Amino acid sequence: MIFVRHGHPDYARDCLTETGKRQAAAAAERLAGEGITSIFSSPMGRARETAGYTADKLGLPVTILDFMHEIDWGDRGGAEMILDGHPWTLSDMMIGVEDFRFDQSDWRQHPYFAGNKAVDYADRLGPLFDRELERFGLKREGGRYLCTAECGETAALFSHGGSGACVLAHMLNLPFPYVCSVLPYDFTSVTILEMTGRKGEYVFPRLELFNDAAHIRGGRTEGPAFEK
């Protein structure tokens, strides 16, 4: 399973900037040798546009996963939240300032996230993505996956910093805020989870590669990494 974040975006227009287009083209070249057999994408323009470069390169269709659109955050009831409920900044504060211990307390009950819409996405997207993995013969049971069929396919998912973090947190059995802060990733970076197993065996994702952005070295951009 290969996760790819979209290229540098024009958030207002939900498309790629010229820099983002160059990044997406470089990512397509980078991914050409990975043996990708299926391509999935968020429905949002910046992710679909990024996926299109790799799809054209490999001659593959793109399957849109509507639930993988970028997440929202803020108070469910519209009340004011610190820093508008922005999960990445709040996660940094929890870990770097407060030394929050995820092994001792439930992060969902922390004032930064209790009532925050980001929690709804963190809880919902992982199980939805598990349903897609079943088509590859991987059925979630507890914190692992049962191989229900032999499968030698490689799938690529083009999505976002937020929705991608939700799925990674679920698959790796890690707290969502921890993933936001400790495992952030660059535009068009490549993250690979290896989940090979025989039929009837249980497997769990092995993090083979994370945040590989060598193909855009020198092309990174300044400014906020994550925005609505």
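Residues numbered from 1 in each chain as written. Predicted model: local features only at pLDDT ≥ 70, side-chain atom pairs only at ≥ 80, totals over all residues. Heavy atoms only, no water.

### Observations regarding helix α2 (residues 45–58)
Along its 14 residues, α2 runs 20 Å from first to last C-alpha, staying within 8% of the 20 Å computed at 1.5 Å per residue. Just downstream of α2 lies Gly 59, where phi reads positive at about 70°. (Helix = DSSP H or I, 4+ residues; strand = E, 2+ residues; numbered from the N terminus. Expected span 1.5 Å × (residues − 1).)

### Let's talk about the side chain of Asp 212
Note on placement: Asp 212 falls in strand β11 (residues 206–212). For Asp 212, a relative accessible area of 19% translates into the label buried. The contact partners of Asp 212, leaving out residues within four places of it in the chain, are Arg 30, Thr 188, Ser 189 and Val 190. (Buried < 20%, exposed > 50% of the residue type's maximum accessible area, 1.4 Å probe, protein only. Contact = heavy atoms within 4.5 Å.)

### Here's the deal with the packing of aromatic side chains
A complete count under the given rule lists 8 aromatic pairs for this structure. With a centroid separation of 6.2 Å and 45° between ring planes, the pair formed by Phe 3 and Phe 129 is classed as tilted. Of the two residues, Phe 3 is situated in strand β1 (residues 2–5) and Phe 129 in helix α4 (residues 117–133); the sequence distance between them amounts to 126 residues. Each member of the pair, Phe 3 as well as Phe 129, is classed as buried. Look at Trp 73 and Trp 88: their rings are 5.3 Å apart centre to centre, the planes differ by 90°, and that puts the pair in the edge-to-face class. Note that Trp 73 is positioned in the loop between β5 (62–64) and α3 (87–97) and Trp 88 in helix α3, a separation of 15 residues in sequence. Exposure remark for Trp 88: the relative accessible area of 5% places this residue in the buried category. Above the ring of Tyr 202, the side-chain terminus of Arg 144 is found at 3.5 Å from the ring centroid. (Phe/Tyr/Trp six-rings, centres within 6.5 Å; stacked < 30°, edge-to-face > 60°. Lys NZ or Arg CZ within 6 Å of the ring centre and 35° of its normal.)

### Remarks on the packing of α4 against helix α5 (residues 161–172)
Here α4 crosses α5 at 70°, and the two axes come no closer than 8 Å. With respect to each other, α4 and α5 are oriented roughly perpendicular. Listed contacts from α5 to Tyr 121, Ala 122, Leu 125, Gly 126, Pro 127, Phe 129, Asp 130 and Leu 133 of α4 are Ser 163, Cys 166, Val 167, His 170 and Met 171. Of the residues in the contact of α4 with α5, the class split is 9 nonpolar, 3 polar and 1 charged. (Axes fitted to C-alpha atoms, helices over the stretch in contact; angles between N-to-C directions. Parallel < 35°, antiparallel > 145°, perpendicular 65-115°, else oblique. Nonpolar A, V, L, I, M, F, W, Y, C, P; charged D, E, K, R; others polar.)

### Thoughts on the nonpolar core
If you look at the biggest cluster of nonpolar residues, it comprises 45 residues, and the most contacted ones within it are Phe 3, Trp 107, Phe 129, Met 171 and Phe 176. Looking at this core, the elements with two or more residues in it are α3, α4, β7 (144–147), β8 (155–159), α5 and α6 (176–182). Counting residues per element, this core draws most heavily on α4, at 8 residues. Those residues within four positions of Phe 129 in sequence are excluded, and the remaining contacts are Met 1, Phe 3, Leu 65, Phe 67, Leu 157, Val 167 and Met 171. In this structure, Val 4, Ala 156, Phe 158 and Val 190 belong to the second largest nonpolar core, which totals 11 residues. (Core = buried A, V, L, I, M, F, W, Y, C linked by side-chain atoms within 4.5 Å.)

### A few points about the pairing of strand β9 (residues 190–194)
The element β9 is extensively covered by neighbouring structure, given that 4 of its 5 residues are classed as buried. As defined by bridge partners, β1 adjoins β9 across 3 bridges and the pair is classed as antiparallel. When the sheet's bridge partners are listed, Ile 2 is paired in β9 with Ile 192. Bridge analysis of β9 against β11 gives 4 bridges, and the strand direction is antiparallel. Paired with Val 190 across the two strands is Asp 212, which belongs to β11. (Pairing = 2+ DSSP bridges.)

### Here's the deal with the state of the cysteines
By definition, a disulfide links two cysteine residues through a covalent bond between their sulfur atoms. Enumeration over the complete set of coordinates arrives at 0 disulfides. No disulfide involves Cys 147; its sulfur sits 8.6 Å from that of Cys 151, the nearest cysteine. Here Cys 180 stays free of any disulfide, with the sulfur of Cys 166 as its closest cysteine sulfur at 7.1 Å. (Disulfide = S-S within 2.5 Å.)

### A short note on the sheet that holds strand β6 (residues 138–141)
Judged by pairing direction, the sheet is antiparallel, and its 3 strands sit side by side in the order β6-β7-β10 without closing on themselves. Single-partner strands in this sheet number two, and they are β6 and β10 (202–203).

Any functional reading would require information beyond the geometric quantities listed.
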